[in-house]
Structure formats: C-alpha cells, structure tokens
Amino acid sequence: MLTDAAIKALKPKEKMYKVTDRDGMYVRVAPSGALSFRLDYRLNGRRETVYLGKYGKRSTSKTPFGQFPRSA
C-alpha cells in the first residue's frame, strides 16, 4: 500500500521505475527524484495511462485555493 511514509522512503535510481499500489495505481520515480502518481486502465482493449499529479511540497501561502493573482 502506498502510504505517505512509504512514498517518502522511495529513492531515485539510475533508471525510472514504478511502485504499484492496486487496481492500476502506481507512483513513478524519476532519476531526478520526482514522484508522480499515475493510473493504468483499459479502454476498448487498449491500455491507457492517466497522470494524476506529482508528489511533493505544496505552498499554500501564495494564493488561496481558487484565486489567481491579478496582473498589473
């Protein structure tokens, strides 16, 4: 199971690799150390992948959710 502690323990390797959870969900670990969530599924017999987002620090101090900074 992909818990927060398990994801934080993932270390980059020379080649990209993935750590699976279940039902097609996995975390892809890039050589740079970037972690991204992906989901594999089948549609009409073809395997498809959807990118769900990346794992990492998020700053909430910049703007409140749903608001964009105004340009001057």
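What comes next concerns the included structure. This is a predicted model, so every value here is computed, not measured.

**Regarding the packing of aromatic side chains**
All told, the structure shown has 1 aromatic pair when counted by the stated rule. Stacked on the ring of Y17, the Lys or Arg K13 has its end atom at 4.5 Å from the ring centre. Here the guanidinium or amino end of K18 rests over the ring plane of Y26, the centre of that ring lying 4.5 Å away.

**Re the sheet that holds strand β3 (residues 35-43)**
With antiparallel pairing, the 4 strands of this open sheet are ordered in space as β1-β2-β3-β4. Strands at the two margins of the open sheet, each flanked by one partner only, are β1 (17-20) and β4 (46-55). Neighbouring strand axes in the sheet, compared pairwise and without regard to direction, differ in orientation by 30° on average. As paired strands, strand β2 (residues 25-29) and β3 are joined by 5 bridges and run antiparallel to one another. In the sheet register, V27 faces β3, and the bridge partner there is F37.

The rules behind each value
Every chain is numbered independently, its residues counted from 1 as its sequence is written. A pLDDT threshold of at least 70 governs which residues receive local features in this predicted model, and a stricter bar of 80 or more applies before side-chain atom pairs are shown or counted, although totals over entire chains, interfaces and linings include all residues. To get the side-chain values, all heavy atoms of the structure are used, and hydrogens and water are removed first. Here is the rule: rings of Phe, Tyr and Trp (six-membered ring for Trp) pair when centre to centre is within 6.5 Å. Planes less than 30 degrees apart are stacked, more than 60 are edge-to-face, and the remainder are tilted. Charge-over-ring contacts are defined here by two conditions on Lys NZ or Arg CZ: a distance within 6 Å of the ring centre and an angle within 35 degrees of the ring normal. Two strands are counted as paired when DSSP detects at least two bridges linking them. Put simply, DSSP marks the helices as runs of H or I at least four residues long and the strands as runs of E at least two long, and each gets a number from the N terminus on. Axis angles are defined between N-to-C directions and span 0 to 180 degrees, where every axis is a line fitted to C-alpha atoms and, for a helix, only to the segment in contact.

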